[in-house]
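Residue-level listing of the chains:
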Amino acid sequence: MTFYLKTDKGMKRLQNEDIVCAEDFPVGQMPDIFIVADGMGGYKAGDYASERTIEIVLDDIRRSGISEPVQALKSAIERANREIYEEARSDETKTGMGTTIVACTIDSKNHMTAANAGDSRLYVARNNEIRQVTYDHSFVEEMVRKGRMMESEARHHPNKHYITRAVGAEKDIEVDFFEEDLIEGDMVLLCSDGLSNMLTDDEIKEFLNSGMALCDIPNALVERANEKGGNDNISCILICI
């Protein structure tokens, strides 16, 4: 297994509130950990929320001693949510801060466990096809899932950026978990919405299937997102099985 990553502030933002973490060695009882967090909450609060969330998640996984991946990730993300929520309430300069999170761990048998809250995504690519594994916790995507909005409408909807779940947004957080058995040749892509809002799934698939060196794909994805406007911070981690 190899991985490559890229994060960029984009063309419209003054700072980068995305934080990426990729550890391909044991963290606590976990064999590895990959995380993308997309912060929100105004000047300096967003990048603090995303960076602090990853710090707490890693610390909790190391300290907890929990070996079952879903339980380890659940404990860590819930602790991060509590601490970010309380800090946002006690410090007026951080009021409203929070962050999305998408994370995964892959064991020696290529079994992946993933977690997400918010609209950062995890895709699996296999046999020249790409599939979004996680669900976006956003107003428009929930409307699409309920059949109340077309996918074509959702892509350009004015409330597209309104997310319904985030670390630190509420006292309690609901985290989604997914498990996948990967095979040799699969690719896993974690990304913030700065990528997925600028590129369609088909465009992402074209890069993954382009034949370019795998190490160049994250840079190429970010460059293309910037060419199309770069409206937000852009981050991605590409894991190759």
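Residues numbered from 1 in each chain as written. Predicted model: local features only at pLDDT ≥ 70, side-chain atom pairs only at ≥ 80, totals over all residues. Heavy atoms only, no water.

### Considerations on helix α2 (residues 69–90)
Link 1 in the chain: Between the first and last C-alpha of α2 there are 32 Å, a value that for 22 residues agrees with the 32 Å anticipated at 1.5 Å per step.
Link 2 in the chain: When α2 is considered as a whole, its buried residues turn out to be V70, A72, L73, A76, I77, R79, A80, N81, I84, Y85 and A88.
Link 3 in the chain: Looking at the packing, one finds that the buried side of α2 touches β3 (33–40), α1 (45–64), β4 (98–106), β5 (111–117) and β8 (176–181).
Link 4 in the chain: Looking at where α2 begins, the residue whose side-chain oxygen comes 3.1 Å from the main-chain nitrogen of V70 is E68. (Helix = DSSP H or I, 4+ residues; strand = E, 2+ residues; numbered from the N terminus. Expected span 1.5 Å × (residues − 1). Buried < 20%, exposed > 50% of the residue type's maximum accessible area, 1.4 Å probe, protein only. Contact = heavy atoms within 4.5 Å. Polar contact = N/O pair within 3.5 Å; in protein donor to acceptor, adjacent residues only side chain to side chain.)

### Here's the deal with the sheet that holds strand β6 (residues 121–126)
Link 1 in the chain: Spatially, five strands are ordered β1-β10-β9-β6-β7 in an open sheet, and the strand pairing comes out antiparallel. Each having just a single partner strand, β1 (2–8) and β7 (129–132) make up the two edges of the open sheet. Taking the axes of each pair of neighbouring strands and ignoring which way they run, one obtains an average angle of 15° across the sheet.
Link 2 in the chain: In the sheet, strand β9 (residues 187–191) pairs with strand β10 (residues 234–240) via five bridges, with the strands oriented antiparallel. Residue pairing across strands places L189 opposite L238, the latter belonging to β10.
Link 3 in the chain: Its contacts with the sheet place helix α6 (residues 201–208) against β6, β7, β9 and β10, and it is angled at close to 130° to β7.
Link 4 in the chain: Running at roughly 150° to β10, helix α7 (residues 217–227) makes contact with β1, β9 and β10 of the sheet. (Pairing = 2+ DSSP bridges. Axes fitted to C-alpha atoms, helices over the stretch in contact; angles between N-to-C directions.)

### Here's the deal with the pairing of β3
The side chains of a regular strand alternate, residue by residue, between the two faces of the sheet.
Link 1 in the chain: The element β3 is largely enclosed, with a buried count of seven among its eight residues.
Link 2 in the chain: The pairing of strand β2 (residues 18–23) with β3 spans six bridges and is classified as antiparallel. Of the residues in β3, the one forming a bridge with A22 is F34.
Link 3 in the chain: Where β3 and β4 come together, seven bridges link them in antiparallel fashion. Residue D38 lies in a different strand from β4, and its bridge partner there is T100.

### So, the nonpolar core
Link 1 in the chain: The biggest cluster of nonpolar side chains holds 28 residues, and the ones touching the most others in it are I33, I35, V57, I61 and I77.
Link 2 in the chain: Elements with a contribution of two residues or more to this core: β3, α1, α2, β4 and β5.
Link 3 in the chain: Each residue touching I33, except ones within four places of it in the same chain, is listed here: C21, A22, E23, V27, L58, I61, L73 and C104. (Core = buried A, V, L, I, M, F, W, Y, C linked by side-chain atoms within 4.5 Å.)

### As for the packing of aromatic side chains
Link 1 in the chain: Under the defined criterion, the tally for this structure stands at two aromatic pairs.
Link 2 in the chain: For the ring pair F3 and F34, a centre distance of 5.6 Å and an interplane angle of 70° mean the geometry is edge-to-face. Of this pair, F3 sits in strand β1 while F34 sits in strand β3, placing them 31 residues apart in sequence.
Link 3 in the chain: The class for F34 is buried, based on a relative accessible area of 0%. (Phe/Tyr/Trp six-rings, centres within 6.5 Å; stacked < 30°, edge-to-face > 60°.)

### A word on the pattern of salt bridges
Link 1 in the chain: Taken as a whole, this structure holds 20 salt bridges when the rule is applied.
Link 2 in the chain: We note a salt bridge from D201 to R121, for which the minimum N-O separation is 3.6 Å. Residue D201 is found in helix α6, and its partner R121 is found in strand β6; the two are separated by 80 residues along the sequence.
Link 3 in the chain: Classification of D201 by relative accessible area gives partly exposed; the value is 29%. (Salt bridge = Lys/Arg side-chain N within 4 Å of Asp/Glu carboxyl O.)

### Digging into the pairing of β6
Link 1 in the chain: Counting buried positions along β6 gives five out of six residues, so the element sits mostly inside the fold.
Link 2 in the chain: Where β6 lies against β9, five bridges are found, and the strand directions are antiparallel. Opposite R121, over in β9, you have C191 as the bridge partner.
Link 3 in the chain: From the end of β6 to the start of β7, which pair antiparallel, there are two residues, and N127 there has a positive phi angle of about 50°.

### Observations concerning the state of the cysteines
Link 1 in the chain: In total, this model carries zero disulfides according to the counting rule given.
Link 2 in the chain: In this structure C191 is not part of a disulfide, and its nearest cysteine sulfur, from C236, lies 7.2 Å away.
Link 3 in the chain: Counting only cysteine sulfurs, C240 is the nearest neighbor of C215, a cysteine outside any disulfide, at a range of 9.4 Å. (Disulfide = S-S within 2.5 Å.)

### Digging into the packing of α1 against α2
For any two helices packed against each other, one specifies the crossing angle of their axes together with the interaxial distance.
Link 1 in the chain: The contact between α1 and α2 brings their axes to 8 Å, and the two run at 140°. Classified by the angle their axes make, α1 and α2 are oblique. Like other packed secondary-structure pairs, α1 and α2 cross with a definite hand, here right-handed. Here α1 contributes Y48, A49, R52, T53, I56, V57, D59, D60 and I61 to the contact with α2, which in turn contributes A72, L73, S75, A76, I77, R79, A80, E83, I84 and E87.
Link 2 in the chain: For the contact of α1 with α2, a count of residues per class yields 11 nonpolar, two polar and six charged. (Parallel < 35°, antiparallel > 145°, perpendicular 65-115°, else oblique. Left-handed = near helix turned anticlockwise from the far one by under 90°. Nonpolar A, V, L, I, M, F, W, Y, C, P; charged D, E, K, R; others polar.)

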